[in-house]
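Report on the structure
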Amino acid sequence: MKIAAITAAALLAATSVSANEIGATGITWGVESEAAFTINDAAGNSVEDFGVKITPEIGYTMFGIGLTADMDLPVYNNEEFKLDEAFDNTKINLGATYQLFGGLELFGETTWDVDASDTVSSKVGATFAF
């Protein structure tokens, strides 16, 4: 019963990102919130992990290239309030996309660790959707 109640609360609390444009400047902003209950980890081990996070995002589009920056701010995790520690290990996600044609999109993304002054991970590629 505990899992069902937590799952229902997580589904009700979660929202989707909605980008709002600032005039005709090409600048967008938005905030995504997520509440989730993790049942299994990637290795298939049983875990009980409930967390809430907020992800503010800012973007800019010029010449068909979409640039974004966002970061995850933990609010609550496993019966502990975490918002006071949100900026202790700051990582900023940066991304760029370019719509080549039809459903083909080129992308690049990286994560910058502010405390270490170094990139954590980087990825470039292409996606095709039809």
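Above this text sits the structure in question.
Quick look at the structure, then. (Residues numbered from 1 in each chain as written. Predicted model: local features only at pLDDT ≥ 70, side-chain atom pairs only at ≥ 80, totals over all residues. Heavy atoms only, no water.)

A tally of regular secondary structure across the protein chain gives 1 helix and 9 strands. Reading the protein chain from its N end, one meets helices and strands in the order α-β-β-β-β-β-β-β-β-β. Looking at the 130 residues of the protein chain, the share that counts as buried comes to 18%. Nonlocal contacts in the protein chain, meaning residues at least 24 apart in sequence, comprise 29% of its contacts between residues at least 6 apart. Summed over all atoms, the accessible surface of the protein chain reaches about 9,000 Å², with 62% contributed by carbon and sulfur. (Helix = DSSP H or I, 4+ residues; strand = E, 2+ residues; numbered from the N terminus. Buried < 20%, exposed > 50% of the residue type's maximum accessible area, 1.4 Å probe, protein only. Contact = heavy atoms within 4.5 Å. Areas by Shrake-Rupley, 256 points an atom, 1.4 Å probe, with all protein chains shown as cover.)

Below, the discussion takes up the pairing of strand β2 (residues 27-40). Two elements, strand β1 (residues 20-21) and β2, share 2 bridges in a ladder whose sense is antiparallel. Counted as the bridge partner of Glu21 is Thr28 from β2. Here β1 folds back onto β2, and the loop between the two strands holds 5 residues, one of which, Gly23, carries a positive phi near 60°. The hairpin turn running from β2 into strand β3 (residues 46-62), its antiparallel successor, is 5 residues long, and Gly44 in that turn takes a positive phi close to 90°. (Pairing = 2+ DSSP bridges.)

Moving on, we come to the pairing of strand β9 (residues 118-128). As judged from the 10 bridges shared by strand β8 (residues 104-113) and β9, these two strands associate in the antiparallel manner. Bridging across to β9, Leu104 finds its partner in Phe128. Hairpin remark: β8 followed by β9, antiparallel, with 4 residues in the connecting loop; positive phi at Ser117, about 50°.

Turning to a nonpolar patch on the surface, a few remarks are in order. A contiguous nonpolar surface patch, about 850 Å² in accessible area, is contributed by Tyr60, Met62, Phe63, Ile65, Leu67, Tyr98, Leu100, Phe101 and Leu106. At the level of secondary structure, the elements contributing two or more residues to the nonpolar patch comprise β3, β4 (65-70) and β7 (91-101). Looking at the nonpolar patch element by element, the count peaks at 3 residues for β7. Within the element layout of this structure, Tyr60 appears in strand β3. A relative accessible area of 34% means that Tyr60 is categorised as partly exposed. (Patch = residues over 30% accessible without salt bridge, like charges linked within 9 Å, V, L, I, M, F, W, Y side chains within 5 Å. Salt bridge = Lys/Arg side-chain N within 4 Å of Asp/Glu carboxyl O.)

Note on placement: Thr111 falls in strand β8. Looking at Thr111, the relative accessible area reads 14%, which means it is buried. One polar contact links Thr111 to Asn93, side chain to side chain, over a distance of 3.0 Å. (Polar contact = N/O pair within 3.5 Å; in protein donor to acceptor, adjacent residues only side chain to side chain.)

Turning our eyes to something else, we now look at the layout of surface pockets. In this model, the largest pocket occupies a volume close to 230 Å³. Considering the residues around the largest pocket, the lining is formed by 14 residues, among which Gly51, Val52, Lys53, Tyr76 and Asn77 are closest to the centre. Sorting the residues of the lining of the largest pocket by element identifies β2, β3 and β5 (73-77) as the ones contributing at least two each. At 5 residues, β3 tops the list of elements feeding residues into the lining of the largest pocket. Looking at side-chain class alone, the lining of the largest pocket contains 6 nonpolar, 3 polar and 5 charged residues. (1 Å grid on protein atoms, 1.4 Å probe; cavity = no way out; pocket = protein on both sides within 12 Å on 5 of 7 lines; lining within 4 Å. Points joined across faces, edges and corners; volume = space filled by probe spheres on them. Nonpolar A, V, L, I, M, F, W, Y, C, P; charged D, E, K, R; others polar.)

The final tally for this structure, using the stated rule, is 2 aromatic pairs. With a centroid separation of 5.9 Å and 65° between ring planes, the pair formed by Phe50 and Tyr76 is classed as edge-to-face. Here Tyr76 lies in strand β5 and Phe50 lies in strand β3, a separation of 26 residues in the sequence. (Phe/Tyr/Trp six-rings, centres within 6.5 Å; stacked < 30°, edge-to-face > 60°.)

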